[in-house]
Amino acid sequence: MKVIDTRRSVRTYLKKEVSNKDIDKILHSAMQAPSARNQQPWEFLVIKNQEKKELVSEKLKNISMAKNCDFLIVFMANKTNLFTEAMYPQDLASSITCAMLEARSRNIGSVWCGIYPNPERMKFVREIFALDNPLIEPFAVVCFGYPDKDDAFKYVNRYNKERVHYEVL
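So, here is what we can say about the structure in this document. (Residues numbered from 1 in each chain as written. Predicted model: local features only at pLDDT ≥ 70, side-chain atom pairs only at ≥ 80, totals over all residues. Heavy atoms only, no water.)

## As for the overall build of the chain
And step 1. Check the secondary structure of the chain and you find five helices and four strands.
And step 2. Against the globule reference of 15 Å for 169 residues, the chain gives a C-alpha radius of gyration of 17 Å, in line with a compact fold.
And step 3. For the C-alpha atoms alone, the extent of the chain along its principal axes is close to 55 × 45 × 30 Å.
And step 4. The burial tally for the chain puts 44% of its 169 residues in the buried class.
And step 5. Of the contacts made within the chain by residues no fewer than 6 positions apart, 78% connect residues no fewer than 24 positions apart.
And step 6. Per element, the accessible surface of the chain, about 10100 Å² overall, is 50% carbon and sulfur. (Helix = DSSP H or I, 4+ residues; strand = E, 2+ residues; numbered from the N terminus. Rg over C-alpha atoms; globule rule 2.2 N^0.38 Å. Buried < 20%, exposed > 50% of the residue type's maximum accessible area, 1.4 Å probe, protein only. Contact = heavy atoms within 4.5 Å. Areas by Shrake-Rupley, 256 points an atom, 1.4 Å probe, with all protein chains shown as cover.)

## A look at the packing of aromatic side chains
And step 1. All told, the structure shown has four aromatic pairs when counted by the stated rule.
And step 2. When the centroid spacing of 5.3 Å and the interplanar angle of 80° are considered together, the rings of F44 and F75 count as edge-to-face. Of this pair, F44 sits in strand β1 (residues 42–47) while F75 sits in strand β2 (residues 71–78), placing them 31 residues apart in sequence.
And step 3. Geometrically, the ring pair formed by Y116 and F139 is stacked, given 5.3 Å between the ring centres and 25° between the ring planes. Taken together, the residues span a long stretch of sequence, with Y116 in the loop between β3 (109–114) and α5 (119–128) and F139 in strand β4 (residues 136–145) at a distance of 23 residues.
And step 4. Within the aromatic cluster, the residues linked to one another by ring pairs are Y88, Y116 and F139.
And step 5. Geometry around Y146 places K16 over its ring, the cationic atom sitting 4.4 Å from the centre.
And step 6. Over the face of the ring belonging to F153 we find R104, whose NZ or CZ atom lies 3.8 Å from the ring centre. (Phe/Tyr/Trp six-rings, centres within 6.5 Å; stacked < 30°, edge-to-face > 60°. Lys NZ or Arg CZ within 6 Å of the ring centre and 35° of its normal.)

## What about the pattern of salt bridges?
And step 1. For the structure shown, the criterion picks out seven salt bridges.
And step 2. The shortest N-O distance in the salt bridge between D22 and R106 comes to 2.8 Å. Within this pair, whereas D22 is found in helix α2 (residues 20–31), its partner R106 is found in the loop between α4 (88–105) and β3, the two being separated by 84 residues in sequence.
And step 3. Shared partners join several salt bridges into a network, and the residues in it are E17, K48 and D70. (Salt bridge = Lys/Arg side-chain N within 4 Å of Asp/Glu carboxyl O.)

## What about unusual backbone geometry?
And step 1. Between Y116 and the following residue, P117, the backbone shows a cis peptide bond with an omega angle of 5°.
And step 2. Looking at the secondary structure, you find P117 in the loop between β3 and α5.
And step 3. In the Ramachandran plot, Q40 falls in the positive-phi region, its phi being about 40° despite a non-glycine side chain.
And step 4. Among the structural elements, Q40 can be located in the loop between α2 and β1.
And step 5. Here the phi dihedral of N107 falls at roughly 60°; this positive angle occurs in a residue that is not glycine.
And step 6. For N107, the position within the fold is in the loop between α4 and β3.

Distances and angles like these do not, on their own, reveal function.
What follows is the structure, encoded as structure tokens:
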């Protein structure tokens, strides 16, 4: 599948706005992800404010590209009434993957910046975006925007048959 084969972490962006329609489609795809017992623990915070993007970029080195992207999505876990709390990291990871693949299908680049389970990063994201509900936990920040390089979606074959094992009967 071309979208999967050419999805890459894009860290540099054009100064070109992503439409609200495309942002909505990305969020729609994020919410189509599978989740344990269909608990759908996700919440999303879309950030377009340049000052907030710059602050995140300055304070969290793993998100230094945030200042140049068009928008961020803070993926968060809503821990209210979870059936299987231990599974929400997998649920959020699946949601992020779906969002990033949708973005790629629209020629929008993205990069996943980890927050969870680092307490310092989680605390900072909670503070900067005023996430005061203790049951809403920041999980990741994903930067989105149009890539500034023509080869941003270049295919690279990552298949390694040495990592594939079959059971022996």
